[in-house]
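Residue-level listing of the chains:
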Amino acid sequence: MELLKRKNWWIWLIFFLLGNSLIGIILSALLNTYRRDAWYANVIYWVLGTICCFFPLPIMFSVFVIQSLCMAAAKLGVPGEEIYNAPYSWILCLIVPILGWTLFIIMLLYLNIWCIISIYQGKGEKFIKE
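Residues numbered from 1 in each chain as written. Predicted model: local features only at pLDDT ≥ 70, side-chain atom pairs only at ≥ 80, totals over all residues. Heavy atoms only, no water.

Quick notes on the packing of aromatic side chains
Item 1. This structure, assessed with the given rule, holds eleven aromatic pairs.
Item 2. Relative to Tyr120, the ring of Trp9 lies with its centre 5.3 Å away and its plane at 80°, an arrangement referred to as edge-to-face. Placement of the pair is Trp9 in helix α1 (residues 9-18) and Tyr120 in helix α7 (residues 99-120), with a sequence separation of 111 residues.
Item 3. When the centroid spacing of 5.8 Å and the interplanar angle of 75° are considered together, the rings of Trp39 and Tyr40 count as edge-to-face.
Item 4. Taken together, the aromatic side chains of Tyr34, Trp39, Tyr40, Trp46, Phe61 and Phe64 make up a single cluster linked through ring pairs. (Phe/Tyr/Trp six-rings, centres within 6.5 Å; stacked < 30°, edge-to-face > 60°. Helix = DSSP H or I, 4+ residues; strand = E, 2+ residues; numbered from the N terminus.)

Comments concerning the packing of helix α4 (residues 56-76) against α7
Two quantities define a packed helix pair, namely the angle between the helix axes and the distance between the axes.
Item 1. Viewed as axis vectors pointing N to C, α4 and α7 meet at an angle of 40°, and their least axial separation amounts to 10 Å. Put simply, α4 runs oblique to α7. As α4 packs across α7, the resulting crossing turns out to be left-handed. Contacts from Ile66, Leu69, Cys70, Ala73 and Leu76 of α4 reach α7 at Phe104, Leu108, Leu111, Asn112, Cys115, Ser118 and Ile119.
Item 2. Looking at the contact of α4 with α7 residue by residue, the class counts come to ten nonpolar, two polar and no charged. (Axes fitted to C-alpha atoms, helices over the stretch in contact; angles between N-to-C directions. Parallel < 35°, antiparallel > 145°, perpendicular 65-115°, else oblique. Left-handed = near helix turned anticlockwise from the far one by under 90°. Contact = heavy atoms within 4.5 Å. Nonpolar A, V, L, I, M, F, W, Y, C, P; charged D, E, K, R; others polar.)

Description of the packing of helix α6 (residues 87-95) against α7
Item 1. It is the contact of α6 with α7, at a shortest axis distance of 6 Å, that shows an interaxial angle of 135°. For the element pair α6 / α7, the angle class is oblique. Relative to α7, α6 is oriented so that their crossing is left-handed. Together, Ser89, Trp90, Cys93 and Leu94 of α6 and Gly100, Trp101, Leu103, Phe104, Met107, Leu108 and Leu111 of α7 make up the contact between the two elements.
Item 2. The residue inventory of the contact of α6 with α7, partitioned by class, reads nine nonpolar, two polar and no charged.

So, α7
Item 1. Under the 1.5 Å per step criterion, the end-to-end length of α7 is 31 Å for 22 residues, consistent within 8% with the ideal 32 Å.
Item 2. When α7 is considered as a whole, its buried residues turn out to be Gly100, Phe104, Met107, Leu111, Asn112, Cys115, Ile116, Ser118 and Ile119.
Item 3. Among the structural elements, α1, α2 (20-30), α4, α5 (81-84) and α6 are those in contact with the buried residues of α7.
Item 4. Taken from the residues just after α7, Gly122 is the one with a positive phi, measuring 90°. (Expected span 1.5 Å × (residues − 1). Buried < 20%, exposed > 50% of the residue type's maximum accessible area, 1.4 Å probe, protein only.)

Re the nonpolar core
In a soluble, globular protein the nonpolar side chains are often hidden away together inside.
Item 1. Ranked by size, the top nonpolar core spans 27 residues in total, and within it Trp12, Ile23, Leu27, Trp90 and Leu111 carry the most contacts.
Item 2. Among the elements of the structure, α1, α2, α4, α6 and α7 are those that each provide at least two residues to this core.
Item 3. Apart from residues lying up to four places away in sequence, Leu27 is in contact with Leu4, Trp12, Leu22, Ala72, Leu76, Cys115 and Ile119.
Item 4. Judged by nonpolar contacts, the second largest core, of six residues, contains Tyr40, Trp46, Met60 and Phe64. (Core = buried A, V, L, I, M, F, W, Y, C linked by side-chain atoms within 4.5 Å.)

Pasting the structure below:
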């Protein structure tokens, strides 16, 4: 839980530079945003995704990473929650070519960078359990 302290914001910057999926997964775990009754907690979905020629598995993992990042950003109070927590905005960005794909990348960057800024501002310190 020491990672949520304000002085450790640079560690999150390193996570961001190493890979964007690290921020969403680790931050959601530290903020306790995962639920036991959600789709990603059911092993059967992951087994079915693996059995179906491995094609659905990367898609499922990508959705899991984006959902983890959105849940963590909402808990940290990142502005624009009504946009990035609505699944329709993400689906619309994926369906519309070029402009939508560009907005998809911008939304991912926005969430990652604002999560780092929120930790730098000290918003993660209230979730530290001692």
